[in-house]
Amino acid sequence: MSRWLGLVATLGVLAGLVMAFGVAPREMTQGNVQRIMYVHVPAVWVAYLAFLAVFVASIMYLWTRAAGADWTAHAAAEVGVVFLGVNIATGAIWGKPTWGTWWTWDARLTSVAVVFVIFVGYLLVRQMTDDPERGARFAAVVGIVGALNIPLVHFSVYWWRTLHQPPTFAKPGPAAASGAIGMALLVNFIGLLLLSAYFIAKRYALLRAQQEATA
Amino acid sequence: MTSDHWGFVAAAYAVAVLALGGYWRRLVHLERTLKTPTLRAARRRGAAR
Amino acid sequence: MTFLRRAWAVTWKDVLVERRSKETVNAVLFFSVLLLFVFEFTLGADRERLAAVLPGLLWLGVLLAALLGLGRSFVLERENDCWEALLLTPGDKSAVYVGKLAGNLLLMALVEAVVLTLFTVFMNVDVARALPGLVLVLALGTLGIAAVGTLFGAMTAHVRARELLFPVLLLPVLVPVLLAIVKSTESLMAGEPLGVVSHWLKLLIAADVIYVVAGLLTFDVLLEG
(Lines give C-alpha, C1' and ligand atoms only; values in the text may rest on other atoms or scores of the structure.)
Protein backbone atom coordinates (compact mmCIF):
# COMPACT_ATOMS: atom_id res chain seq x y z
CA MET A 1 0.00 0.00 0.00
CA SER A 2 2.72 2.41 0.91
CA ARG A 3 4.34 1.66 -2.44
CA TRP A 4 1.34 3.21 -4.17
CA LEU A 5 1.60 6.20 -1.88
CA GLY A 6 5.26 6.55 -2.81
CA LEU A 7 4.39 6.49 -6.48
CA VAL A 8 1.64 9.07 -6.13
CA ALA A 9 3.94 11.22 -4.02
CA THR A 10 6.64 11.13 -6.68
CA LEU A 11 4.11 12.20 -9.27
CA GLY A 12 2.92 14.98 -7.02
CA VAL A 13 6.43 16.27 -6.42
CA LEU A 14 7.19 16.16 -10.15
CA ALA A 15 3.96 18.01 -10.88
CA GLY A 16 5.01 20.59 -8.34
CA LEU A 17 8.36 21.08 -10.04
CA VAL A 18 6.64 21.52 -13.39
CA MET A 19 4.38 24.13 -11.87
CA ALA A 20 7.25 25.89 -10.11
CA PHE A 21 9.44 26.19 -13.18
CA GLY A 22 7.12 25.79 -16.14
CA VAL A 23 3.84 27.36 -15.23
CA ALA A 24 4.52 29.95 -12.57
CA PRO A 25 5.55 33.31 -14.01
CA ARG A 26 8.79 35.15 -13.42
CA GLU A 27 8.18 37.35 -10.42
CA MET A 28 8.19 41.10 -11.00
CA THR A 29 10.36 42.49 -8.21
CA GLN A 30 12.64 39.61 -7.29
CA GLY A 31 13.11 37.75 -10.52
CA ASN A 32 13.38 34.00 -10.80
CA VAL A 33 15.01 33.58 -7.41
CA GLN A 34 11.49 33.82 -6.03
CA ARG A 35 10.83 30.30 -7.36
CA ILE A 36 12.55 29.00 -4.24
CA MET A 37 9.29 29.86 -2.52
CA TYR A 38 7.60 26.85 -4.14
CA VAL A 39 9.62 24.46 -2.01
CA HIS A 40 10.23 26.79 0.95
CA VAL A 41 6.63 27.63 1.87
CA PRO A 42 4.92 24.24 1.34
CA ALA A 43 7.67 22.64 3.41
CA VAL A 44 6.74 24.62 6.52
CA TRP A 45 3.02 23.92 6.01
CA VAL A 46 3.77 20.19 5.80
CA ALA A 47 6.05 20.35 8.84
CA TYR A 48 3.43 22.07 10.98
CA LEU A 49 0.81 19.54 9.96
CA ALA A 50 3.24 16.83 11.00
CA PHE A 51 3.70 18.49 14.40
CA LEU A 52 -0.06 18.66 14.77
CA ALA A 53 -0.03 14.90 14.20
CA VAL A 54 2.65 14.57 16.88
CA PHE A 55 0.41 16.50 19.28
CA VAL A 56 -2.65 14.36 18.64
CA ALA A 57 -0.73 11.09 18.63
CA SER A 58 1.05 12.01 21.88
CA ILE A 59 -2.23 12.66 23.63
CA MET A 60 -3.61 9.39 22.25
CA TYR A 61 -0.55 7.55 23.48
CA LEU A 62 -0.79 8.89 27.02
CA TRP A 63 -4.49 8.14 27.04
CA THR A 64 -4.53 4.66 25.50
CA ARG A 65 -0.89 3.56 25.70
CA ALA A 66 -1.34 2.06 22.24
CA ALA A 67 2.03 1.44 20.63
CA GLY A 68 0.65 2.62 17.30
CA ALA A 69 0.10 6.09 18.70
CA ASP A 70 3.69 6.22 19.87
CA TRP A 71 4.99 5.08 16.47
CA THR A 72 2.84 7.71 14.74
CA ALA A 73 4.15 10.47 16.99
CA HIS A 74 7.75 9.37 16.53
CA ALA A 75 7.47 9.08 12.74
CA ALA A 76 5.61 12.37 12.37
CA ALA A 77 8.17 14.19 14.53
CA GLU A 78 11.07 12.92 12.45
CA VAL A 79 9.41 13.85 9.19
CA GLY A 80 8.33 17.23 10.57
CA VAL A 81 11.87 18.04 11.62
CA VAL A 82 13.22 17.07 8.18
CA PHE A 83 10.72 19.28 6.34
CA LEU A 84 11.21 22.17 8.74
CA GLY A 85 14.95 21.85 8.18
CA VAL A 86 14.32 22.09 4.46
CA ASN A 87 12.25 25.22 5.09
CA ILE A 88 14.98 26.85 7.15
CA ALA A 89 17.77 25.96 4.74
CA THR A 90 15.89 27.06 1.63
CA GLY A 91 14.85 30.20 3.48
CA ALA A 92 18.46 31.09 4.18
CA ILE A 93 19.45 30.38 0.58
CA TRP A 94 16.60 32.56 -0.61
CA GLY A 95 17.55 35.28 1.83
CA LYS A 96 21.18 35.62 0.81
CA PRO A 97 20.64 37.13 -2.66
CA THR A 98 17.46 38.98 -1.75
CA TRP A 99 18.27 40.36 1.69
CA GLY A 100 22.04 40.25 1.42
CA THR A 101 22.33 38.05 4.47
CA TRP A 102 21.93 34.33 5.25
CA TRP A 103 20.01 34.94 8.42
CA THR A 104 17.93 37.67 9.96
CA TRP A 105 16.08 37.48 13.22
CA ASP A 106 12.77 38.41 11.68
CA ALA A 107 9.54 37.02 13.08
CA ARG A 108 8.99 34.13 10.73
CA LEU A 109 12.52 32.76 10.62
CA THR A 110 12.98 33.08 14.36
CA SER A 111 9.76 31.36 15.34
CA VAL A 112 10.37 28.52 12.88
CA ALA A 113 13.89 28.10 14.25
CA VAL A 114 12.54 27.88 17.81
CA VAL A 115 9.94 25.27 16.84
CA PHE A 116 12.66 23.33 15.04
CA VAL A 117 14.81 23.20 18.15
CA ILE A 118 11.83 22.17 20.29
CA PHE A 119 11.15 19.13 18.15
CA VAL A 120 14.80 18.20 17.77
CA GLY A 121 14.65 18.10 21.56
CA TYR A 122 11.71 15.73 21.22
CA LEU A 123 13.85 13.35 19.17
CA LEU A 124 16.76 13.73 21.58
CA VAL A 125 14.63 12.73 24.55
CA ARG A 126 13.80 9.46 22.86
CA GLN A 127 17.37 8.81 21.96
CA MET A 128 18.75 9.58 25.39
CA THR A 129 16.30 7.59 27.47
CA ASP A 130 17.51 4.07 28.00
CA ASP A 131 14.15 2.39 28.49
CA PRO A 132 12.14 2.72 25.26
CA GLU A 133 8.75 2.63 26.99
CA ARG A 134 9.82 5.42 29.29
CA GLY A 135 11.26 7.28 26.32
CA ALA A 136 7.87 7.05 24.63
CA ARG A 137 6.13 8.53 27.65
CA PHE A 138 8.68 11.33 28.04
CA ALA A 139 8.54 12.14 24.35
CA ALA A 140 4.75 12.31 24.50
CA VAL A 141 4.93 14.93 27.26
CA VAL A 142 7.52 16.95 25.34
CA GLY A 143 5.43 16.62 22.18
CA ILE A 144 2.33 17.94 23.91
CA VAL A 145 4.07 20.85 25.64
CA GLY A 146 6.05 21.63 22.49
CA ALA A 147 3.03 21.67 20.22
CA LEU A 148 0.98 23.78 22.65
CA ASN A 149 3.89 26.19 22.69
CA ILE A 150 3.84 26.82 18.93
CA PRO A 151 1.16 29.55 18.98
CA LEU A 152 2.85 31.16 22.00
CA VAL A 153 6.15 31.23 20.12
CA HIS A 154 4.56 32.78 17.06
CA PHE A 155 2.78 35.55 18.93
CA SER A 156 5.67 36.43 21.19
CA VAL A 157 8.22 36.53 18.37
CA TYR A 158 5.90 38.53 16.14
CA TRP A 159 5.25 41.12 18.87
CA TRP A 160 8.94 41.20 19.67
CA ARG A 161 9.76 42.09 16.08
CA THR A 162 6.95 44.43 15.14
CA LEU A 163 5.85 46.49 18.11
CA HIS A 164 7.85 49.70 18.60
CA GLN A 165 10.11 48.54 15.84
CA PRO A 166 9.73 49.14 12.13
CA PRO A 167 10.56 46.08 10.05
CA THR A 168 14.22 46.42 9.10
CA PHE A 169 14.14 44.21 6.05
CA ALA A 170 11.49 43.77 3.42
CA LYS A 171 10.46 40.14 3.74
CA PRO A 172 10.46 38.08 0.57
CA GLY A 173 7.07 36.65 1.36
CA PRO A 174 4.68 35.14 -1.16
CA ALA A 175 4.21 37.62 -3.97
CA ALA A 176 0.79 39.05 -4.78
CA ALA A 177 -0.89 35.74 -5.37
CA SER A 178 -1.81 35.66 -9.00
CA GLY A 179 -3.69 32.57 -10.13
CA ALA A 180 -0.63 30.76 -11.43
CA ILE A 181 1.43 31.46 -8.31
CA GLY A 182 -1.35 30.28 -6.03
CA MET A 183 -1.83 27.13 -8.11
CA ALA A 184 1.88 26.38 -8.08
CA LEU A 185 1.97 26.73 -4.31
CA LEU A 186 -1.01 24.44 -3.95
CA VAL A 187 0.36 21.75 -6.23
CA ASN A 188 3.73 21.80 -4.50
CA PHE A 189 2.01 21.64 -1.15
CA ILE A 190 0.01 18.58 -2.20
CA GLY A 191 3.12 16.95 -3.61
CA LEU A 192 5.14 17.49 -0.44
CA LEU A 193 2.18 16.49 1.71
CA LEU A 194 1.94 13.17 -0.14
CA LEU A 195 5.67 12.71 0.23
CA SER A 196 5.49 13.36 3.97
CA ALA A 197 2.59 10.91 4.29
CA TYR A 198 4.66 8.30 2.47
CA PHE A 199 7.64 8.93 4.74
CA ILE A 200 5.50 8.75 7.88
CA ALA A 201 3.83 5.53 6.74
CA LYS A 202 7.18 3.95 5.98
CA ARG A 203 8.74 5.09 9.25
CA TYR A 204 5.73 3.82 11.15
CA ALA A 205 6.06 0.42 9.50
CA LEU A 206 9.76 0.32 10.37
CA LEU A 207 9.09 1.18 14.01
CA ARG A 208 6.50 -1.55 14.20
CA ALA A 209 8.80 -4.06 12.55
CA GLN A 210 11.57 -3.12 14.98
CA GLN A 211 9.24 -3.73 17.88
CA GLU A 212 8.10 -7.07 16.55
CA ALA A 213 11.63 -8.18 15.83
CA THR A 214 12.74 -7.64 19.41
CA ALA A 215 9.51 -8.80 21.04
CA MET B 1 16.08 43.96 -14.63
CA THR B 2 16.92 42.19 -11.39
CA SER B 3 19.38 39.33 -11.59
CA ASP B 4 17.81 35.88 -11.46
CA HIS B 5 20.32 34.16 -9.16
CA TRP B 6 19.69 30.79 -10.77
CA GLY B 7 22.64 29.47 -8.79
CA PHE B 8 20.77 30.08 -5.55
CA VAL B 9 17.60 28.53 -6.94
CA ALA B 10 19.59 25.44 -7.88
CA ALA B 11 21.26 25.38 -4.48
CA ALA B 12 17.93 25.62 -2.65
CA TYR B 13 16.34 22.80 -4.63
CA ALA B 14 19.51 20.75 -4.32
CA VAL B 15 19.39 21.12 -0.53
CA ALA B 16 15.76 20.02 -0.53
CA VAL B 17 16.54 17.00 -2.71
CA LEU B 18 19.52 16.06 -0.54
CA ALA B 19 17.56 16.37 2.69
CA LEU B 20 14.45 14.53 1.51
CA GLY B 21 16.42 12.02 -0.50
CA GLY B 22 18.79 11.47 2.36
CA TYR B 23 15.91 10.77 4.71
CA TRP B 24 14.43 8.33 2.20
CA ARG B 25 17.75 6.53 1.94
CA ARG B 26 17.89 6.26 5.71
CA LEU B 27 14.45 4.64 5.68
CA VAL B 28 15.52 2.21 2.98
CA HIS B 29 18.68 1.36 4.90
CA LEU B 30 16.71 0.73 8.11
CA GLU B 31 14.32 -1.50 6.18
CA ARG B 32 17.18 -3.50 4.75
CA THR B 33 18.81 -4.09 8.11
CA LEU B 34 15.51 -5.15 9.60
CA LYS B 35 14.86 -7.66 6.85
CA THR B 36 18.20 -9.44 7.06
CA PRO B 37 17.71 -12.30 9.51
CA THR B 38 21.30 -12.68 10.66
CA LEU B 39 22.99 -12.28 14.00
CA ARG B 40 24.87 -9.26 12.70
CA ALA B 41 21.59 -7.65 11.68
CA ALA B 42 20.17 -8.32 15.11
CA ARG B 43 23.10 -6.51 16.67
CA ARG B 44 22.79 -3.71 14.13
CA ARG B 45 19.09 -3.47 14.90
CA GLY B 46 19.89 -2.80 18.49
CA ALA B 47 22.27 -0.03 17.48
CA ALA B 48 19.94 1.51 14.90
CA ARG B 49 17.23 2.18 17.47
CA MET C 1 -4.45 13.46 53.42
CA THR C 2 -5.82 16.18 51.24
CA PHE C 3 -4.18 17.21 48.01
CA LEU C 4 -2.77 20.44 49.42
CA ARG C 5 -1.49 18.71 52.53
CA ARG C 6 0.43 16.23 50.41
CA ALA C 7 1.80 19.02 48.22
CA TRP C 8 2.85 20.97 51.28
CA ALA C 9 4.58 17.90 52.68
CA VAL C 10 6.75 17.72 49.57
CA THR C 11 7.54 21.44 49.68
CA TRP C 12 8.36 21.38 53.36
CA LYS C 13 10.60 18.36 52.93
CA ASP C 14 12.54 20.12 50.20
CA VAL C 15 12.84 23.30 52.24
CA LEU C 16 14.11 21.37 55.26
CA VAL C 17 16.65 19.42 53.23
CA GLU C 18 17.83 22.59 51.61
CA ARG C 19 18.05 24.45 54.89
CA ARG C 20 20.33 21.77 56.28
CA SER C 21 22.57 21.22 53.30
CA LYS C 22 22.26 24.64 51.68
CA GLU C 23 23.71 22.97 48.61
CA THR C 24 21.52 24.35 45.88
CA VAL C 25 20.93 27.76 47.38
CA ASN C 26 24.61 28.42 47.97
CA ALA C 27 25.63 27.31 44.51
CA VAL C 28 22.91 29.36 42.85
CA LEU C 29 23.60 32.48 44.88
CA PHE C 30 27.31 32.29 44.32
CA PHE C 31 26.69 31.74 40.63
CA SER C 32 24.57 34.89 40.49
CA VAL C 33 27.37 36.93 42.02
CA LEU C 34 29.84 35.51 39.52
CA LEU C 35 27.51 36.41 36.67
CA LEU C 36 27.52 39.98 37.89
CA PHE C 37 31.30 40.04 37.54
CA VAL C 38 31.15 38.49 34.08
CA PHE C 39 28.58 40.99 32.89
CA GLU C 40 30.61 43.87 34.24
CA PHE C 41 33.82 42.63 32.62
CA THR C 42 32.28 41.91 29.25
CA LEU C 43 29.91 44.84 28.97
CA GLY C 44 30.70 47.29 31.72
CA ALA C 45 33.12 49.55 29.86
CA ASP C 46 30.35 51.20 27.88
CA ARG C 47 27.90 52.46 30.49
CA GLU C 48 25.25 53.34 27.96
CA ARG C 49 25.33 49.98 26.27
CA LEU C 50 25.13 48.31 29.64
CA ALA C 51 22.05 50.34 30.57
CA ALA C 52 20.41 49.34 27.30
CA VAL C 53 20.91 45.60 27.81
CA LEU C 54 20.24 45.61 31.53
CA PRO C 55 16.74 44.09 31.42
CA GLY C 56 18.07 41.26 29.30
CA LEU C 57 21.03 40.72 31.62
CA LEU C 58 18.78 40.71 34.64
CA TRP C 59 16.71 37.91 33.21
CA LEU C 60 19.70 36.12 31.80
CA GLY C 61 21.07 35.94 35.31
CA VAL C 62 17.78 34.65 36.67
CA LEU C 63 17.44 32.13 33.86
CA LEU C 64 20.94 30.71 34.20
CA ALA C 65 20.55 30.41 37.94
CA ALA C 66 17.18 28.79 37.37
CA LEU C 67 18.71 26.22 35.05
CA LEU C 68 21.10 25.26 37.82
CA GLY C 69 18.48 25.06 40.52
CA LEU C 70 15.59 23.57 38.55
CA GLY C 71 17.75 20.94 36.92
CA ARG C 72 18.57 19.63 40.35
CA SER C 73 15.07 19.56 41.77
CA PHE C 74 14.68 15.82 41.34
CA VAL C 75 18.26 14.74 41.44
CA LEU C 76 18.15 14.44 45.21
CA GLU C 77 15.45 11.79 45.01
CA ARG C 78 17.22 10.01 42.23
CA GLU C 79 20.63 9.91 43.88
CA ASN C 80 19.39 8.89 47.28
CA ASP C 81 17.12 6.10 46.08
CA CYS C 82 14.04 8.01 47.12
CA TRP C 83 12.37 7.81 43.74
CA GLU C 84 10.20 4.89 44.77
CA ALA C 85 9.04 6.92 47.74
CA LEU C 86 7.67 9.50 45.31
CA LEU C 87 5.97 6.75 43.33
CA LEU C 88 4.33 5.40 46.47
CA THR C 89 2.75 8.75 47.35
CA PRO C 90 -0.91 7.96 47.90
CA GLY C 91 -3.49 9.55 45.65
CA ASP C 92 -2.94 11.94 42.83
CA LYS C 93 0.74 12.32 41.96
CA SER C 94 0.11 15.85 40.76
CA ALA C 95 0.26 16.83 44.42
CA VAL C 96 3.97 16.05 44.17
CA TYR C 97 4.15 18.33 41.15
CA VAL C 98 2.51 21.18 43.05
CA GLY C 99 4.79 20.61 46.02
CA LYS C 100 7.92 20.59 43.87
CA LEU C 101 6.67 23.61 41.96
CA ALA C 102 6.14 25.56 45.17
CA GLY C 103 9.62 24.67 46.34
CA ASN C 104 11.12 25.76 43.03
CA LEU C 105 9.15 29.00 43.15
CA LEU C 106 10.61 29.75 46.56
CA LEU C 107 14.10 29.08 45.28
CA MET C 108 13.60 31.29 42.24
CA ALA C 109 12.08 34.07 44.31
CA LEU C 110 15.20 34.03 46.44
CA VAL C 111 17.45 34.13 43.38
CA GLU C 112 15.48 36.99 41.87
CA ALA C 113 15.59 39.02 45.05
CA VAL C 114 19.35 38.55 45.21
CA VAL C 115 19.98 39.30 41.53
CA LEU C 116 17.77 42.37 41.63
CA THR C 117 19.53 43.65 44.77
CA LEU C 118 22.99 42.99 43.34
CA PHE C 119 22.09 44.77 40.13
CA THR C 120 20.62 47.74 41.94
CA VAL C 121 23.70 48.09 44.10
CA PHE C 122 26.52 47.25 41.70
CA MET C 123 25.09 48.32 38.37
CA ASN C 124 23.46 51.45 39.72
CA VAL C 125 20.03 50.57 38.45
CA ASP C 126 17.00 52.44 39.70
CA VAL C 127 14.11 50.03 39.97
CA ALA C 128 12.09 51.89 42.59
CA ARG C 129 9.68 53.48 40.15
CA ALA C 130 9.01 50.31 38.23
CA LEU C 131 8.89 48.01 41.22
CA PRO C 132 5.17 47.17 41.49
CA GLY C 133 4.87 46.33 37.81
CA LEU C 134 8.20 44.57 37.90
CA VAL C 135 7.08 42.33 40.73
CA LEU C 136 4.01 41.34 38.73
CA VAL C 137 6.12 40.51 35.68
CA LEU C 138 8.57 38.60 37.85
CA ALA C 139 5.78 36.61 39.46
CA LEU C 140 4.12 35.64 36.18
CA GLY C 141 7.38 34.89 34.44
CA THR C 142 8.77 32.87 37.32
CA LEU C 143 5.65 30.74 37.47
CA GLY C 144 6.03 29.89 33.80
CA ILE C 145 9.72 29.06 34.12
CA ALA C 146 9.19 26.96 37.23
CA ALA C 147 6.13 25.15 35.83
CA VAL C 148 7.98 23.84 32.79
CA GLY C 149 11.24 23.47 34.68
CA THR C 150 9.67 21.24 37.33
CA LEU C 151 7.99 19.10 34.68
CA PHE C 152 11.10 18.68 32.56
CA GLY C 153 13.26 18.29 35.66
CA ALA C 154 11.32 15.19 36.65
CA MET C 155 11.89 13.84 33.18
CA THR C 156 15.56 14.52 32.84
CA ALA C 157 16.36 13.05 36.24
CA HIS C 158 16.25 9.70 34.46
CA VAL C 159 18.08 10.55 31.30
CA ARG C 160 21.68 10.21 30.29
CA ALA C 161 23.47 13.55 29.90
CA ARG C 162 20.81 15.17 32.05
CA GLU C 163 22.80 18.42 32.40
CA LEU C 164 22.69 18.78 28.64
CA LEU C 165 19.17 17.66 27.89
CA PHE C 166 17.48 19.78 30.55
CA PRO C 167 18.51 23.19 29.14
CA VAL C 168 18.11 21.91 25.57
CA LEU C 169 14.49 21.04 26.29
CA LEU C 170 13.68 23.96 28.58
CA LEU C 171 15.12 26.98 26.78
CA PRO C 172 13.32 26.73 23.42
CA VAL C 173 10.01 26.07 25.16
CA LEU C 174 10.57 29.12 27.36
CA VAL C 175 11.27 31.51 24.45
CA PRO C 176 7.79 33.11 24.64
CA VAL C 177 8.07 33.61 28.40
CA LEU C 178 11.58 34.97 28.04
CA LEU C 179 10.58 37.45 25.34
CA ALA C 180 7.57 38.55 27.37
CA ILE C 181 9.46 39.18 30.58
CA VAL C 182 12.44 40.90 28.98
CA LYS C 183 10.28 43.19 26.84
CA SER C 184 8.02 44.00 29.78
CA THR C 185 10.98 44.70 32.06
CA GLU C 186 12.47 46.95 29.40
CA SER C 187 9.32 49.02 29.11
CA LEU C 188 8.75 49.21 32.84
CA MET C 189 12.32 50.25 33.59
CA ALA C 190 12.03 52.92 30.92
CA GLY C 191 9.23 54.34 33.00
CA GLU C 192 6.29 53.28 30.88
CA PRO C 193 3.00 52.44 32.58
CA LEU C 194 1.82 48.89 33.05
CA GLY C 195 -0.89 49.23 30.42
CA VAL C 196 1.72 49.42 27.68
CA VAL C 197 2.81 45.84 28.32
CA SER C 198 -0.65 44.39 28.84
CA HIS C 199 -0.37 42.13 25.78
CA TRP C 200 2.83 40.63 27.19
CA LEU C 201 1.14 40.09 30.54
CA LYS C 202 -1.75 38.35 28.83
CA LEU C 203 0.71 36.12 27.00
CA LEU C 204 2.41 35.27 30.30
CA ILE C 205 -0.90 34.42 31.90
CA ALA C 206 -1.85 32.21 28.94
CA ALA C 207 1.54 30.50 29.05
CA ASP C 208 1.30 29.98 32.82
CA VAL C 209 -2.13 28.42 32.53
CA ILE C 210 -1.03 26.12 29.71
CA TYR C 211 2.15 25.01 31.46
CA VAL C 212 0.64 24.44 34.90
CA VAL C 213 -2.35 22.53 33.51
CA ALA C 214 -0.06 20.44 31.30
CA GLY C 215 2.13 19.78 34.32
CA LEU C 216 -0.78 18.76 36.53
CA LEU C 217 -2.15 16.43 33.87
CA THR C 218 1.06 14.76 32.74
CA PHE C 219 3.23 14.66 35.84
CA ASP C 220 2.24 11.23 37.05
CA VAL C 221 2.99 9.84 33.61
CA LEU C 222 6.57 10.94 34.14
CA LEU C 223 6.78 9.37 37.56
CA GLU C 224 5.77 5.90 36.46
CA GLY C 225 8.26 3.08 36.70
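Here the structure is a predicted model, which means the values were calculated and not measured. (Residues numbered from 1 in each chain as written. Chains lettered and ligands numbered in written order. Predicted model: local features only at pLDDT ≥ 70, side-chain atom pairs only at ≥ 80, totals over all residues.)

*Asks:* Give me the overall build of chain A: which residues, what numbers.
*Replies:* Helix and strand content of chain A: 6 helices and 0 strands. Beginning at the N terminus, the succession of helices and strands in chain A can be written as α-α-α-α-α-α. Here chain A has a C-alpha radius of gyration of 19 Å; the compact-globule value for 215 residues is 17 Å, and the two agree. Projected onto the principal axes, the alpha-carbon positions of chain A cover approximately 60 × 45 × 25 Å. Taken over 215 residues, chain A has a buried fraction of 50%. By sequence separation, contacts in chain A at least 24 residues apart represent 79% of the contacts at least 6 residues apart. (Helix = DSSP H or I, 4+ residues; strand = E, 2+ residues; numbered from the N terminus. Rg over C-alpha atoms; globule rule 2.2 N^0.38 Å. Buried ≥ 20, exposed ≤ 12 C-beta atoms within 10 Å, placed from the backbone. Contact = placed C-beta atoms within 7 Å.)

*Asks:* Hey, could you go over the interface of chain B and chain A for me, with residue numbers and the actual values?
*Replies:* Contacts between chain B and chain A engage 21 residues on the former and 24 residues on the latter. Counting residues per element, the side of chain B that touches chain A draws most heavily on helix H1 (residues 6-35) of chain B, which supplies 15 residues.

*Asks:* I'd love a proper account of the interface of chain C and chain A, names of residues and values included.
*Replies:* Across the contact, 27 residues belong to chain C and 27 residues belong to chain A. Within the residue set of the side of chain C that touches chain A, elements represented by two or more residues are helix H7 (131-156), helix H8 (162-173), helix H9 (175-189) and helix H10 (198-223) of chain C. Ranked by the residues each element gives to the side of chain C that touches chain A, the list is headed by H10(C), at 9 residues. Within the side of chain C that touches chain A, the residues separate by chemical class into 20 nonpolar, 4 polar and 3 charged. (Nonpolar A, V, L, I, M, F, W, Y, C, P; charged D, E, K, R; others polar.)

*Asks:* Give me the lowdown on unusual backbone geometry, citing residues and values where you can.
*Replies:* Within the chain, Arg65(A) stands out as a residue other than glycine whose phi angle is a positive 55 degrees. Topologically, Arg65(A) is positioned in the loop between helix H2 (37-64) and helix H3 (67-99).

*Asks:* Talk me through the nonpolar core; I want residue IDs and the actual numbers.
*Replies:* Membership of the largest hydrophobic core comes to 141 residues, with the highest contact counts inside it found for Ala50(A), Val54(A), Ala73(A), Ala76(A), Phe83(A), Val148(C) and Leu178(C). Per element, the largest residue contribution to this core is 15 residues, and it comes from H3(A). (Core = buried A, V, L, I, M, F, W, Y, C linked by C-beta atoms within 7 Å.)

*Asks:* Kindly report on the packing of helix H1 (residues 3-21) of chain C against helix H6 (residues 94-122) of chain C, identifying the contributing residues and their values.
*Replies:* Residues and elements named next belong to chain C. The interhelical angle for the contact between H1 and H6, taken along N-to-C directions, is 40 degrees, at an axis separation of 7 Å. Put simply, H1 runs oblique to H6. In this structure, H1 crosses over H6, and the sense of that crossing is right-handed. For the pair formed by H1 and H6, the contact residues are Phe3, Arg6, Ala7, Trp8, Ala9, Val10, Thr11, Asp14 and Val15 on the first element and Ala95, Val96, Val98, Gly99, Lys100, Ala102, Gly103 and Leu106 on the second. Residue classes in the contact of H1 with H6 are distributed as 11 nonpolar, 3 polar and 3 charged. (Axes fitted to C-alpha atoms, helices over the stretch in contact; angles between N-to-C directions. Parallel < 35°, antiparallel > 145°, perpendicular 65-115°, else oblique. Left-handed = near helix turned anticlockwise from the far one by under 90°.)

*Asks:* Go over the packing of H7(C) against H9(C) with me, naming the residues and quoting the values.
*Replies:* Angle between the axes and distance between the axes: these two values describe a pair of packed helices. Residues and elements named next belong to chain C. Two elements in contact, H7 and H9, have axes separated by 10 Å at closest approach and are oriented at 170 degrees. It follows that H7 is roughly antiparallel to H9 by the angle criterion. Each of Gly133, Leu134, Val137, Gly141, Gly144 and Ile145 in H7 lies in contact with H9, whose residues at this interface are Val177, Ala180, Ile181, Ser184, Thr185 and Leu188. In the contact of H7 with H9, the residues fall into 7 nonpolar, 5 polar and no charged.

*Asks:* Any chance you could break down the arrangement of the chains for me, citing the residues and the numbers?
*Replies:* In this assembly, 2 pairs of chains are in contact, and the pair contributing the most contacts is chains A and C. At no point do chain B and chain C touch; the closest pair of C-alpha atoms across them sits 16 Å apart.

*Asks:* Provide a residue-level description of the confidence of the model for chain A, including the pertinent values.
*Replies:* The share of residues in chain A with pLDDT of 70 or more is 92%, and the mean pLDDT across the chain is 88. Confidence scores differ between elements of chain A, with helix H1 (residues 2-23) of chain A showing the lowest mean pLDDT of 89 and H2(A) the highest of 96. (pLDDT = per-residue confidence, 0-100.)

*Asks:* Describe the confidence of the model for chain C, with residues and values.
*Replies:* Scored by pLDDT, chain C comes out at a mean of 85, with 99% of its residues at no less than 70. Across the interfaces of the predicted complex, the ipTM metric reaches 0.88, alongside a pTM of 0.88.

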